[in-house]
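# Commentary on secondary and tertiary structure
What follows is the residue order along each chain.
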Amino acid sequence: AKAEPAPKPKKQTPEELEAEMKKLREAQAKYREEMRIKAEEMKKKRIEDKQKEKERKAEEKRLVKEIMQEWNSRKEDLDIEDHKELPKPTPVRCRIPNHLVGDFLSILEFLHSFSDILEVKDSYPGTGVTFAELESALIETEAVDGAFYDIVSFMLVTLFDLQLEEEEEARADTDKTATDELHEGITGKNEEIANAIRAATETYLYTKKHLGLTLREVHLDQWSITEVVRLHLESSGAYRGNNLRNWRYQQRGGWVLQDDPGFQFCMENPQILASLHEKSIFDLGVTEKTKILAVMMNQMLSFAGVRDEVDTRMENFFEAKQELKDATTEENKRVKELKAEEWNRVKEERQKLMEERLKEAENK
């Protein structure tokens, strides 16, 4: 049997074609509107995301800035959060009592730091005064001509030399006011201090009156050193004429008689001076010996020559600090320039590579 032919499609009328075309146009218009709305929503979302990212970065930058400001600000050690455990210190084992270790190390450091001015190497060739020598000088009491005598005599002679230098510069030897009667303009209004200055002046004149010598001209040995030390301390703060007093006021930064460390020592430690009246300096305890060396050290530090050296060292320190800062700035600038050059080189290489790839693509 033969297959029946497929029925012919019904021919659409112009009205039907128009209606179908209208539906198609409406569907296309609806699709375009949906795509437009969707594109606007995506664009709006991109703008919102970009604004959120911008705000996030600004907030992050603000937080980083606050953290860095807090990090760089000065704080008390106990307020710092990133504490590290301190290394276990090595104990210093010596015979010096704990409460005197600070003064002991100060004296030792002073003798090393100012060894050139004090000419320590002339009396202690090599390494100067060592830890063991100073410790032995303060602890041992067996010999009167041992290490303690060496250090005390060295410091006394150095003090006398510094005094002589100042007196020569101030022309104190030709000052006729040295024998003037003391008055309130010299001693001040405090009666206790005024009496102490009068006593110091009388002690200063004692050797000249009874021996015809100044204290620094008295023969110094292990038998006379106790009395020389006592007279030196008790004469500290003595009035020696207007020339020297005015010179010290100008060169030592407003210096007055009662500023002498030896004068203050006598006011605060009368029991040590009483002991020097009764027994040898070598029979004193380690505390008294340390205090005597410390006051002599402080007296040396008050002289204009030593003060000038301290000022020079401070100036050198600040100059070196500024030089280091300038050198660091210059080095950071150099490193930054090198990084910029490296970045430009990499950028040029990338640009060159892209141009080569474009040429290859055009040739194909």
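This one's a predicted model, so the numbers in the text were calculated from it and none came from an experiment. Within any chain, residue numbers begin from 1 and follow the written order of that chain's sequence. Restriction of local features to residues with pLDDT of at least 70 applies here, the model being predicted, together with a cutoff of 80 or more for giving and counting side-chain atom pairs; totals for whole chains, interfaces and linings are based on all residues. Heavy atoms throughout the structure, all of them, feed into the side-chain values; hydrogens and water do not.

We now examine the overall build of the protein chain. For the purposes of this entry, the term helix denotes a DSSP run of H or I that reaches at least four residues, the term strand denotes a run of E that reaches at least two, and both are numbered from the N terminus. When you go through the protein chain residue by residue, the secondary structure sums to 14 helices and 0 strands. Each helix and strand of the protein chain, ordered N terminal to C terminal, gives the series α-α-α-α-α-α-α-α-α-α-α-α-α-α. Atoms considered for the radius of gyration are the C-alpha atoms alone. The globule rule reads 2.2 Å times the number of residues to the power 0.38. Taken over C-alpha atoms, the radius of gyration comes to 46 Å for the protein chain, far larger than the 21 Å a tight globule of 364 residues would show. Counting only C-alpha atoms and orienting by the principal axes, one finds that the protein chain spans roughly 165 × 50 × 45 Å. Exposure classes here rest on a 1.4 Å probe applied to the protein chains alone. A residue is buried below 20% of its type maximum, exposed above 50%, and partly exposed in between. Considering the protein chain as a whole, with its 364 residues, one finds that 29% of them fall into the buried category.

Salt bridge criterion: a side-chain nitrogen from Lys or Arg within 4 Å of a carboxyl oxygen from Asp or Glu. This structure, assessed with the given rule, holds 19 salt bridges. For R240, the salt bridge goes to E167, with nearest N and O atoms at 3.4 Å. Taken together, the residues R240 in the loop between α9 (225-234) and α10 (242-251) and E167 in helix α6 (residues 147-170) connect sequence positions 73 residues apart. In this structure, R240 and E167 share a single accessibility class: buried.

The next thing to look at is the side chain of T207. Summarising the element assignment, T207 is placed in helix α8 (residues 191-210). Looking at T207, its side chain comes within polar contact range of the main-chain oxygen of L213, at 3.0 Å. The contact rule is simple, with two residues in contact once any of their heavy atoms fall within 4.5 Å. Once you skip the residues sitting within four places of it in the chain, T207 turns out to touch G212, L213, T214, L215, V218 and L231. Polar contacts, as counted here, are pairs of nitrogen or oxygen atoms within 3.5 Å of one another; within protein the pair requires one atom able to donate a hydrogen and one able to accept it, and residues that are adjacent in sequence qualify only if both atoms are side-chain atoms.

Moving on to a negative patch on the surface. Where like charges cluster on the molecular surface, the negative patch consists of D308, D311, E315, E319, E323, D326, E330, E337 and E341. Following the sequence through the fold, E323 ends up in helix α14 (residues 304-363). According to the relative accessible area criterion, E323 is exposed, its value standing at 55%. Patch rule: a residue counts if its relative accessible area is over 30% and it has no salt bridge; like charges are joined within 9 Å, and nonpolar side chains (Val, Leu, Ile, Met, Phe, Trp, Tyr) within 5 Å. Every accessible area reported is derived by Shrake-Rupley at a probe size of 1.4 Å, with residue values counting cover from the shown protein chains alone. Positive charges are assigned to Lys and Arg, negative charges to Asp and Glu, while His and the chain termini are left out of the count. Charged side chains are reduced to one point each, which is NZ for Lys, CZ for Arg, CG for Asp and CD for Glu.

Let us look at the environment of A194. Structurally, A194 is set in helix α8. You can call A194 buried: its relative accessible area is 3%. With sequence-adjacent residues up to four places away left out, A194 is seen in contact with T187 and G188.

Buried within helix α11 (residues 261-268) we find P261, G262, F263, F265 and C266. Contacts made by the buried residues of α11 are with α8, α9, α12 (270-278) and α13 (286-301). Measuring from the side-chain oxygen of the N-cap residue of α11 to the backbone nitrogen of G262 gives 2.8 Å; that N-cap residue is D260.

Here we come to the packing of aromatic side chains. Only centres within 6.5 Å qualify two rings of Phe, Tyr or Trp (six-membered ring in Trp) as a pair; their planes then separate them into stacked at under 30 degrees, edge-to-face at over 60, and tilted for everything else. Per the counting criterion, the structure on display carries 6 aromatic pairs. Aromatic rings pair up to connect F148, Y149 and F282 into one cluster. Ring-over charges, as used throughout, are those where CZ of Arg or NZ of Lys falls within 6 Å of the ring centre and within 35 degrees of the ring normal. If you follow K289 out to its NZ or CZ, it ends over the ring of F148, 4.8 Å from the centre.

Right, let's talk about α6 for a bit. A helix is expected to reach a length of 1.5 Å times the quantity of its residues less one. Here α6 is 24 residues long and its end C-alpha atoms lie 35 Å apart, about the 34 Å a rise of 1.5 Å per residue gives. Within two residues after α6, R171 carries a phi angle of roughly 55 degrees, on the positive side.

Attention shifts here to the environment of L205. Note on placement: L205 falls in helix α8. Sequence spacing of L205 and I193 is 12 residues, and the spatial spacing of their C-alpha atoms is 18 Å.

Right, let's talk about the packing of helix α2 (residues 101-113) against α13 for a bit. Interaxial angles span 0 to 180 degrees and are taken between N-to-C directions of axes, which are lines fitted to C-alpha atoms, for helices over the stretch in contact. Their axes nearest at 10 Å, the elements α2 and α13 cross at an angle of 45 degrees. As summarised for this structure, α2 and α13 are arranged oblique, according to the angle between their axes. Where α2 crosses over α13, the two elements pack in a sense that is left-handed. Together, D103, F104, S106, I107 and F110 of α2 and T290, L293, A294, M297, M300 and L301 of α13 make up the contact between the two elements. Looking at side-chain class alone, the contact of α2 with α13 contains 8 nonpolar, 2 polar and 1 charged residues. Note on terminology: angles under 35 degrees are roughly parallel, angles over 145 are roughly antiparallel, angles of 65 to 115 are roughly perpendicular, and the others are oblique. By definition, any crossing whose near helix is turned counterclockwise from its far helix by less than a right angle is left-handed, and any crossing with a clockwise turn is right-handed. All residues other than Ala, Val, Leu, Ile, Met, Phe, Trp, Tyr, Cys, Pro, Asp, Glu, Lys and Arg, Gly among them, are scored as polar; the first ten of these are nonpolar and the last four charged.

Right, let's get into the packing of α9 against α12. Across the interface, α9 lies against α12 with an axial gap of 9 Å and an inter-helix angle of 145 degrees. Judged by the twist between their axes, the crossing of α9 over α12 is left-handed. Touching T226, V229, R230, L233 and E234 of α9 are L273, L276 and H277, all from α12. Here the contact of α9 with α12 is composed, by residue class, of 4 nonpolar, 2 polar and 2 charged.

In this structure, L134, L156, I225, V229, I281 and L293 are the most contacted members of the largest nonpolar core, which totals 51 residues. A per-element tally of this core places α6 first, with 10 residues. Residues L182, I197, Y239 and L257 belong to the second largest nonpolar core, which totals 7 residues. What we call a nonpolar core is a set of buried Ala, Val, Leu, Ile, Met, Phe, Trp, Tyr and Cys residues that are connected through their side-chain atoms within 4.5 Å.

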